Amino acid sequence: MGRLRRSRTHHAQRDVHRASRTRVRTRDLDQIQLIDLDPKNRAALEAQELDFEKPGLAQHYCVECAKHYETDAALRSHWKSKIHKRRCKALREPAYTIEESERAAGLGSEGKRPSISAPLPIDLDVAT
């Protein structure tokens, strides 16, 4: 029975891992830094209208973690948690930009010669 039991549980683990890859997907750090932490957007996110589809009717929202909570007590305990503090520390670092990623891949403008779009005119009469 043990041998049969072992072989039946493997595919269930695979399915659980596959589902968990996208289940708890939240906003990326650069999206939060550039969009959500803007004072106008932050105020709008913290004072959302009632939404019956979201946890806590969308009234208890952590902007830094981009997550809704059921109660105000749950949100307050989240603010004291290690997960929230780590996310805030990561948000203090500047966002990773497209230009920075191009420089890391060797595609940036650093260390390259300027390209000449049109050839320079050469005056042959003055040379003699």
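Here the structure is a predicted model, which means the values were calculated and not measured. (Residues numbered from 1 in each chain as written. Predicted model: local features only at pLDDT ≥ 70, side-chain atom pairs only at ≥ 80, totals over all residues. Heavy atoms only, no water.)

**Remarks on the overall build of the protein chain**
Argument step 1. When its secondary structure is counted, the protein chain shows 6 helices and 2 strands.
Argument step 2. Evaluated residue by residue, the protein chain yields a buried proportion of 18% over its 128 residues.
Argument step 3. When contacts within the protein chain are restricted to residue pairs at least 6 apart in sequence, long-range pairs at least 24 apart make up 31% of them.
Argument step 4. With an accessible surface of roughly 11300 Å², the protein chain has 55% of that area assigned to carbon and sulfur atoms. (Helix = DSSP H or I, 4+ residues; strand = E, 2+ residues; numbered from the N terminus. Buried < 20%, exposed > 50% of the residue type's maximum accessible area, 1.4 Å probe, protein only. Contact = heavy atoms within 4.5 Å. Areas by Shrake-Rupley, 256 points an atom, 1.4 Å probe, with all protein chains shown as cover.)

**Overview of helix α5 (residues 82-92)**
Argument step 1. Every buried residue belonging to α5 is among His-84, Arg-87, Cys-88 and Leu-91, and all of these are buried. Seen end-on, α5 carries its buried residues on one side only, within an arc spanning 100 degrees. Along α5, exposed side chains directed more than 90 degrees from the buried face belong to Lys-82, Lys-85, Arg-86, Lys-89 and Arg-92. (Arc of directions from axis to C-beta.)

**Observations regarding the environment of Thr-71**
Argument step 1. One can find Thr-71 in the loop between β2 (67-68) and α4 (72-79).
Argument step 2. Judged by its relative accessible area of 40%, Thr-71 is partly exposed.
Argument step 3. For the pair Thr-71 and His-60, spaced 11 residues apart in sequence, the C-alpha separation works out to 6.5 Å.

**Some thoughts on a nonpolar patch on the surface**
Argument step 1. A cluster of nonpolar side chains, Leu-50, Phe-52 and Leu-57, forms an exposed patch at the surface whose accessible area comes to about 340 Å².
Argument step 2. Turning to its location among the elements, Leu-50 is positioned in the loop between α3 (39-46) and β1 (61-62). (Patch = residues over 30% accessible without salt bridge, like charges linked within 9 Å, V, L, I, M, F, W, Y side chains within 5 Å. Salt bridge = Lys/Arg side-chain N within 4 Å of Asp/Glu carboxyl O.)

**Some remarks on the side chain of Glu-64**
Argument step 1. Inspection of the secondary structure puts Glu-64 in the loop between β1 and β2.
Argument step 2. Residue class for Glu-64 comes out buried when judged on its relative accessible area of 14%.
Argument step 3. One polar contact links Glu-64 to Arg-42, side chain to side chain, over a distance of 2.8 Å.
Argument step 4. Setting aside residues up to four positions removed in sequence, Glu-64 forms contacts with Ile-32, Arg-42, His-84, Arg-87, Cys-88 and Leu-91. (Polar contact = N/O pair within 3.5 Å; in protein donor to acceptor, adjacent residues only side chain to side chain.)

**Describing the nonpolar core**
Argument step 1. Ile-32, Leu-45, Tyr-61, Val-63, Ala-66 and Leu-91 together form the largest nonpolar core, which totals 6 residues.
Argument step 2. Residue contacts for Val-63: discarding those within four places in its chain leaves Ile-32, Asp-36, Leu-37, Arg-42, Leu-45 and Glu-46. (Core = buried A, V, L, I, M, F, W, Y, C linked by side-chain atoms within 4.5 Å.)

**Some words on the pattern of salt bridges**
Argument step 1. Within the structure shown, the criterion is met by 5 salt bridges.
Argument step 2. Taking the shortest distance from any N to any O, the salt bridge between Glu-64 and Arg-42 comes out at 2.8 Å. Placement of the pair is Glu-64 in the loop between β1 and β2 and Arg-42 in helix α3, with a sequence separation of 22 residues.
Argument step 3. Judged by relative accessible area, which is 25%, Arg-42 ranks as partly exposed.
Argument step 4. Across the pair Asp-72 and Arg-76 runs a salt bridge, and its minimum N-O distance is 3.0 Å. Taken together, the residues span about one helical turn, with Asp-72 and Arg-76 both in helix α4 at a distance of 4 residues.
Argument step 5. Salt bridges sharing common partners tie together Arg-42, Glu-46 and Glu-64.

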